[in-house]
Amino acid sequence: MSNRMWGGRFATGPDAIMEEINASIGFDQRLWQQDIRGSLAHAAMLAETGILRKADVAAIEKGLKTVAAEIEAGTFTFSRALEDIHMNVESRLKDVAGTSAGRLHTARSRNDQVATDMRLWVRDTLDAIDTQIADLMTALAEKALAFSGAVMPGFTHLQSAQPVTFGHHLLAYVEMLGRDRGRFADARARLNECPLGAAALAGTSFPIDRHMTAKALGFDRPTANSIDSVSDRDFALEALAAASICAMHLSRFAEEIVIWTTPQFGFIRLTDKFTTGSSIMPQKRNPDAAELVRAKAGRVIGALNGLLVVMKGLPLAYAKDMQEDKEGTFDALQTLSLSLAAMAGMVRDMEPDVKRLKKAAGSGFSTATDLADWLVRVLEMPFRDAHHVTGRLVALAAERNVGLEKLSLADMQGVEPRITDDVFGVLGVERSVKSRTSYGGTAPANVRAQARRWLKRLAAPRKA
């Protein structure tokens, strides 16, 4: 039996294996809303331009709304034999609207249809992700404001470097996520052109109005080249690239949460809402939500790599290889959405141990740079000389197993005779962070100002 939707050229039906590899309805059925939106816009344009009779278009529109209601209600039966969402909708439309349904496909192809559906789905999803990123940024900024003065160790190479504040550390992720948000906005702006009307690859001889359909679907304009319209998926690749960078940022923060919740660090606590226990060790509280966010970055990055490999060798225009754009894109963007939700929940749930953080901030001679800066500022010593003197004092403190602030003035003067007891004023971690007043520095006043700036910005309406 030939395929009843496109079987004029074919006398028999496909082999079972061909049907198995060819069918996409198992995953592209999630495009049903976008497919029906595109069809309604296309039908309205065909009526407005006089290509179809208004009576036919009225029957098509009524039928499409019936199909949408059935899918929404869960009573629609999806058929693998009909391959994809487009054929499933069209087949059911024929049952509902009769012969008028066959006129809907005038002046379009499944090639421009699927390209339009995918752009609509990606655009819808990016809008939802933008809201989620903003929510996570808000959670981080609120927590940063609350703990703007909580001193903690800052790390390089995961070694104690200089004291910072917990709020300053959290705001670093706000900055990263702000750039992620910008990348998604850029991707959305570039994808917001409508392929509908490009047809198979060459356009159409019918007097269609592509600007009308583009406007009806919320696009800025129609795409300018019919071949490019159906043959590229860079809009999905760019969205996946932005998603991969965002997922990487979430993974880095998740890694820190995993480290911070260990008994060895004990920097923060997570409640039962975002931790799990062990089947054998009753004392365990595992940061599984953070670990899963860290792991899911691999799925997102993998989807980007997968689609790049699919597209890299394809000649123009459309090839069925491009059916592989969907599963990875669907999975990656929905995985990122779940990760953002989990991370926002953990940020609001986490409680820093301020005393533990402050104690750790003073370890590892973290105020050594403050000492070197004092030597430069007060004794007018060249920085390289100050670095050398400070290094000798650190070595002395390490030999005695004490912090720099525990060395006596005599000990310090034994290395540099001009040092005075004023030096001890810069060796406390709280004074250290308060002194970092340069723009973008960790001083609590800076942190409060930056947190409030972000909260004000995030509360404002998003510019189109």
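The preceding data block contains the structure.
Residues numbered from 1 in each chain as written. Predicted model: local features only at pLDDT ≥ 70, side-chain atom pairs only at ≥ 80, totals over all residues. Heavy atoms only, no water.

(A) Structural detail: the pairing of strand β2 (residues 159–165). Looking at chain direction, strand β1 (residues 151–156) and β2 are connected through six bridges and run antiparallel. The residue of β2 that forms the bridge with G154 is Q162. Counting the residues in the hairpin turn of β1 and β2 gives two residues, including H157, whose phi is positive at 60 degrees. (Pairing = 2+ DSSP bridges. Helix = DSSP H or I, 4+ residues; strand = E, 2+ residues; numbered from the N terminus.)

(B) The nonpolar core, seen in detail. Core analysis: the largest hydrophobic core is formed by 98 residues, its most contacted members being F166, F253 and M343. Residues contacting F253, with those up to four places away along its chain left out, are L140, L170, Y173, W260, M343, V347 and M350. (Core = buried A, V, L, I, M, F, W, Y, C linked by side-chain atoms within 4.5 Å. Buried < 20%, exposed > 50% of the residue type's maximum accessible area, 1.4 Å probe, protein only. Contact = heavy atoms within 4.5 Å.)

(C) Structural context of helix α10 (residues 234–260). With 27 residues, α10 extends 39 Å from end C-alpha to end C-alpha; this agrees with the ideal 39 Å at 1.5 Å per step. Buried residues dominate α10, accounting for 20 of its 27 residues. (Expected span 1.5 Å × (residues − 1).)

(D) Representation of the packing of helix α7 (residues 166–191) against α10 within the structure. Direction vectors running N to C along α7 and α10 enclose 165 degrees, while the axes themselves pass 8 Å from each other. As the angle between them shows, α7 and α10 are arranged roughly antiparallel. Where α7 crosses over α10, the two elements pack in a sense that is left-handed. When grouped by side-chain class, the residues that make up the contact of α7 with α10 number 17 nonpolar, two polar and seven charged. (Axes fitted to C-alpha atoms, helices over the stretch in contact; angles between N-to-C directions. Parallel < 35°, antiparallel > 145°, perpendicular 65-115°, else oblique. Left-handed = near helix turned anticlockwise from the far one by under 90°. Nonpolar A, V, L, I, M, F, W, Y, C, P; charged D, E, K, R; others polar.)

(E) A look at the packing of helix α4 (residues 54–73) against helix α5 (residues 85–97). Between α4 and α5, the least distance of the axes is 9 Å, while the angle of their chain directions is 120 degrees. Taken together, the axes of α4 and α5 are oblique relative to one another. Between α4 and α5 lies a crossing whose hand is right-handed. For the pair α4 and α5, the contacting residues are A59, I60, G63, L64, T66, V67 and E70 in the first and V89, R92, L93, V96 and A97 in the second. Tallied by class, residues from the contact of α4 with α5 come to eight nonpolar, two polar and two charged.

(F) Region of interest: the layout of surface pockets. The space that makes up the largest pocket amounts to roughly 420 Å³. Surrounding the largest pocket, 17 residues form its lining, F155, H169, Y173, R252 and E256 being those nearest its centre. Only β1, α7 and α10 provide two or more residues apiece to the lining of the largest pocket. In the lining of the largest pocket, the residues fall into nine nonpolar, five polar and three charged. (1 Å grid on protein atoms, 1.4 Å probe; cavity = no way out; pocket = protein on both sides within 12 Å on 5 of 7 lines; lining within 4 Å. Points joined across faces, edges and corners; volume = space filled by probe spheres on them.)

(G) Local environment of a positive patch on the surface. Where like charges cluster on the molecular surface, the positive patch consists of R431, K434, R448 and R452. For the positive patch, the secondary-structure elements that each account for two or more residues are α17 (429–435) and α18 (444–459). Look at R431 and you get exposed, because its relative accessible area is 56%. (Patch = residues over 30% accessible without salt bridge, like charges linked within 9 Å, V, L, I, M, F, W, Y side chains within 5 Å. Areas by Shrake-Rupley, 256 points an atom, 1.4 Å probe, with all protein chains shown as cover. Salt bridge = Lys/Arg side-chain N within 4 Å of Asp/Glu carboxyl O. Lys, Arg positive; Asp, Glu negative; His and termini not counted. Charge placed at Lys NZ, Arg CZ, Asp CG, Glu CD.)

(H) Fine view of the pattern of salt bridges. If you walk through the whole model with that rule in mind, you get 26 salt bridges. One salt bridge connects R299 with D331, and the closest N-O pair in it is separated by 2.3 Å. Linking R299 in helix α11 (residues 288–311) with D331 in helix α12 (residues 325–349), this pair joins segments that are 32 residues apart in sequence. Residue classification places R299 among the partly exposed residues on the basis of a relative accessible area of 41%. Look at D331 and you get partly exposed, because its relative accessible area is 29%. Across the salt bridge formed by D325 and K326, the nearest N and O atoms sit 3.0 Å from each other. D325 gets classed as buried once you look at its relative accessible area, which sits at 1%. Take K326: its relative accessible area is 3%, and that puts it in the buried class. Via salt bridges that share partners, R53, D56 and R103 belong to a single interconnected network.

(I) Summary view of the environment of D411. Its place among the elements puts D411 in helix α16 (residues 409–415). A C-alpha to C-alpha distance of 9.4 Å links D411 and A397, two positions 14 residues apart in sequence. Beyond its immediate stretch of four places on either side in the chain, D411 contacts L393, L396 and R400.

(J) Focus on the packing of aromatic side chains. Overall, the coordinates contain eight aromatic pairs when judged by the stated rule. Geometrically, the ring pair formed by F155 and F265 is tilted, given 6.3 Å between the ring centres and 55 degrees between the ring planes. You can see F155 sitting in strand β1 and its partner F265 sitting in the loop between α10 and β5 (268–269), a full 110 residues away along the chain. Here the aromatic rings of F265 and F267 are separated by 5.1 Å at their centres, their planes lie at 75 degrees, and the arrangement is edge-to-face. Taken together, the aromatic side chains of F147, F166, Y173, F253 and W260 make up a single cluster linked through ring pairs. Here R123 stacks its cationic end above the ring of F219, 4.7 Å away from the centre of that ring. (Phe/Tyr/Trp six-rings, centres within 6.5 Å; stacked < 30°, edge-to-face > 60°. Lys NZ or Arg CZ within 6 Å of the ring centre and 35° of its normal.)

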